[in-house]
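# A structural walkthrough
Residue-level listing of the chains:
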Amino acid sequence: ITKCRNFYGFIKMYFPKKFEALRSFYCGAQYNFIQSMMKTNDWTNVSGGKTKSKFYKSFDDKYVFKEVKKSEFKMFLEFAPIYFDYLCKSFFHNYPCTLSKILGAYKIKTQHFNPTKIYKKYIYVIENLNFGINPETEDKYIIRYDLKGSSLNRFVKNMYNDKVVLHDNNFLYN
């Protein structure tokens, strides 16, 4: 909880021990993760997404912060135990895994000036799959997909743009 004059903030961490274990498997030392999270930048040149979610990146580009709707956040909380089991099995048995890993889930509440107005944000911390890829020298054969497990309205027509993120039906037909 942070209190300042005319400002009040609260952060709730979900599944702190389970996420800490996942981060130790996939990210290394907890200290390095915390250092990365201390400073973020808006990430405005993100393609794809109908939800108009806001994205941020850690200053070192290792992690992406995605703001999600409360309903999506609640869905994740419901299937999180299965998610943790899957990633742990994948890590310990050295199974290939193409999931972009969610490494933290947070609810942030803030009040500014007006004590009756409370702002809530639901945030995932996700590994940045683009980390270490130099955009200028990026292999033109890298294809990015945002897979949701649905075929309804999941096709990008302008698939010949090198930087566009494709969807489920593009993946099926490619």
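What this report covers is the structure whose coordinates are included nearby. None of these values were measured; they are calculated from a predicted model.

### Things to note about the pattern of salt bridges
Oppositely charged side chains can form a pair if their charged atoms are brought close together. Summed over all chains, the structure comprises 4 salt bridges. Of the charged contacts in the structure, one is a salt bridge between Glu67 and Lys121, with a shortest N-O distance of 3.9 Å. Of the two residues, Glu67 sits in strand S5 (residues 63-68) while Lys121 sits in strand S7 (residues 118-127), which places them 54 residues apart along the sequence. Overall, the relative accessible area of 33% leaves Lys121 in the partly exposed class. Lys101 is the salt-bridge partner of Glu127, the closest N and O atoms lying 3.4 Å from each other. Of the two residues, Glu127 sits in strand S7 while Lys101 sits in the loop between helix H3 (70-92) and strand S6 (102-112), which places them 26 residues apart along the sequence. Under the relative-accessibility criterion, Glu127 is labelled partly exposed at 22%.

Rules used throughout
Residues numbered from 1 in each chain as written. Predicted model: local features only at pLDDT ≥ 70, side-chain atom pairs only at ≥ 80, totals over all residues. Heavy atoms only, no water. Salt bridge = Lys/Arg side-chain N within 4 Å of Asp/Glu carboxyl O. Helix = DSSP H or I, 4+ residues; strand = E, 2+ residues; numbered from the N terminus. Buried < 20%, exposed > 50% of the residue type's maximum accessible area, 1.4 Å probe, protein only.

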